[in-house]
Amino acid sequence: MTTTHWTFGPSDDAVLEIQTGVTGKAAKMGHRLTIAMTRWRAVVDWSGEEPASLELTADVDSLDVVDGQGGVTPLLGPEKVVARLNALKTFDAKRFPQITFRADDITAIDNGFRLDGTLEIHGESRDHSVHLRVKDEERAWRLSAESTVRQSDFGIKPYSQMLGAMKVVDEVSIAFSATRAKPS
């Protein structure tokens, strides 16, 4: 049986993003952020025709605030820098420089695969499942996944301002997308 490795990262036109929400009495003042991870790598090991394992590692200090919806004023360059610094502080990026997800149980489902494994954030590990959708596009496969993570499950206190009147929602959404060319 042949073992094949697929590798994905930002240089492969693959995207790994985090979406945040805002809550609290002053939520209208805050921005719903889109944060892109700019340094990450996912490796899928195949055993024959079936994926056998997946490991994704993202460098926390590579997060880049790319957009902010809502808020009283537009999220401009200086505010993006402040939001990034606040996120790095919330993640305690110097002590916990990486986020990892390792799936050793991969099950075929109707439109892709269910990945069951361990997610480690902020030094805390939890069981986590992801549904990876696979779309056949003649010459390539389009892969996509979305997952929700509760920050407090990993010992992270969501960022807040104004004595908690405006804070990041505890649950954030993580999205992945990539295209993989079929062998010629």
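Here's what I pulled together on the structure shown here.

Procedures and definitions
Residues numbered from 1 in each chain as written. Predicted model: local features only at pLDDT ≥ 70, side-chain atom pairs only at ≥ 80, totals over all residues. Heavy atoms only, no water. Helix = DSSP H or I, 4+ residues; strand = E, 2+ residues; numbered from the N terminus. Rg over C-alpha atoms; globule rule 2.2 N^0.38 Å. Buried < 20%, exposed > 50% of the residue type's maximum accessible area, 1.4 Å probe, protein only. Contact = heavy atoms within 4.5 Å. Areas by Shrake-Rupley, 256 points an atom, 1.4 Å probe, with all protein chains shown as cover. Patch = residues over 30% accessible without salt bridge, like charges linked within 9 Å, V, L, I, M, F, W, Y side chains within 5 Å. Salt bridge = Lys/Arg side-chain N within 4 Å of Asp/Glu carboxyl O. Pairing = 2+ DSSP bridges. Phe/Tyr/Trp six-rings, centres within 6.5 Å; stacked < 30°, edge-to-face > 60°. Lys NZ or Arg CZ within 6 Å of the ring centre and 35° of its normal. Core = buried A, V, L, I, M, F, W, Y, C linked by side-chain atoms within 4.5 Å.

**Things to note about the overall build of the protein chain**
Along the backbone of the protein chain there are 1 helix and 14 strands. In terms of overall size, the protein chain behaves like a compact globule, its C-alpha atoms giving a radius of gyration of 18 Å where 184 residues would be expected to give roughly 16 Å. With the C-alpha coordinates aligned to their principal axes, the bounding extent of the protein chain is approximately 60 × 30 × 30 Å. The buried share among the 184 residues of the protein chain stands at 38%. Considering only residue pairs separated by 6 or more positions, the protein chain has 59% of its internal contacts joining residues 24 or more positions apart. For the protein chain, the accessible surface area stands at approximately 10900 Å², while carbon and sulfur atoms represent 51% of it.

**Focus on the side chain of Gln151**
For Gln151, the position within the fold is in the loop between strand S11 (140–150) and strand S12 (160–161). Judged by its relative accessible area of 10%, Gln151 is buried.

**As for a nonpolar patch on the surface**
Together, Met29, Val72 and Met162 make up an exposed nonpolar region whose accessible area comes to about 300 Å². Turning to its location among the elements, Met29 is positioned in the loop between strand S3 (22–23) and strand S4 (31–37).

**Here we look at the environment of Gln161**
Its place among the elements puts Gln161 in strand S12. Classification of Gln161 by relative accessible area gives partly exposed; the value is 32%.

**Topic: the pairing of S11**
On a regular strand, one side chain projects to one face of the sheet and the next to the other, so that they alternate. Sheet topology note: the strand S10 (residues 124–137)/S11 ladder contains 6 bridges and is antiparallel. Residue pairing in the sheet places Arg133 in a bridge with Ser144 of S11. The hairpin turn running from S10 into S11, its antiparallel successor, is 2 residues long, and Glu138 in that turn takes a positive phi close to 55°. Pairing geometry for S11 and strand S14 (residues 171–181), over 11 bridges, is antiparallel. In the sheet register, Arg150 faces S14, and the bridge partner there is Glu171.

**A look at the pattern of salt bridges**
Tallied over the full model, the rule gives 12 salt bridges. Two residues, Asp92 and Arg95, come together in a salt bridge whose shortest N-O distance is 3.4 Å. Given a relative accessible area of 60%, Arg95 falls into the exposed group. Put simply, Arg133 and Glu146 hold a salt bridge, and the shortest N to O gap is 3.6 Å. Note that Arg133 is positioned in strand S10 and Glu146 in strand S11, a separation of 13 residues in sequence. Accessibility expressed as a relative area gives 56% for Glu146, which makes it exposed. Several salt bridges share partner residues, and in doing so they unite Arg39, Asp59 and Asp61 into one network.

**What about the packing of aromatic side chains?**
Applying the stated criterion across every chain, the model contains 5 aromatic pairs. Measuring from centroid to centroid gives 4.8 Å for Trp6 and Trp46, while their planes differ by 50°, and the two rings are tilted. Placement of Trp6 in strand S1 (residues 3–8) and of Trp46 in strand S5 (residues 40–47) is noted, with a sequence separation of 40 residues between them. An aromatic cluster of three or more residues is present, and its members are Trp6, Phe8, Trp40, Trp46, Trp141 and Phe176. Above the plane of the ring of Phe8 lies Arg180, whose end atom (NZ or CZ) is 5.8 Å from the centre.

**What about the nonpolar core?**
Counting 42 residues, the largest nonpolar core has Phe8, Trp40, Leu63, Leu115, Ile121 and Phe176 as its most contacted members. Setting aside its immediate chain neighbours within four residues, Phe176 contacts Ala14, Val15, Leu16, Trp40, Leu132, Leu143, Ser144 and Ala145.

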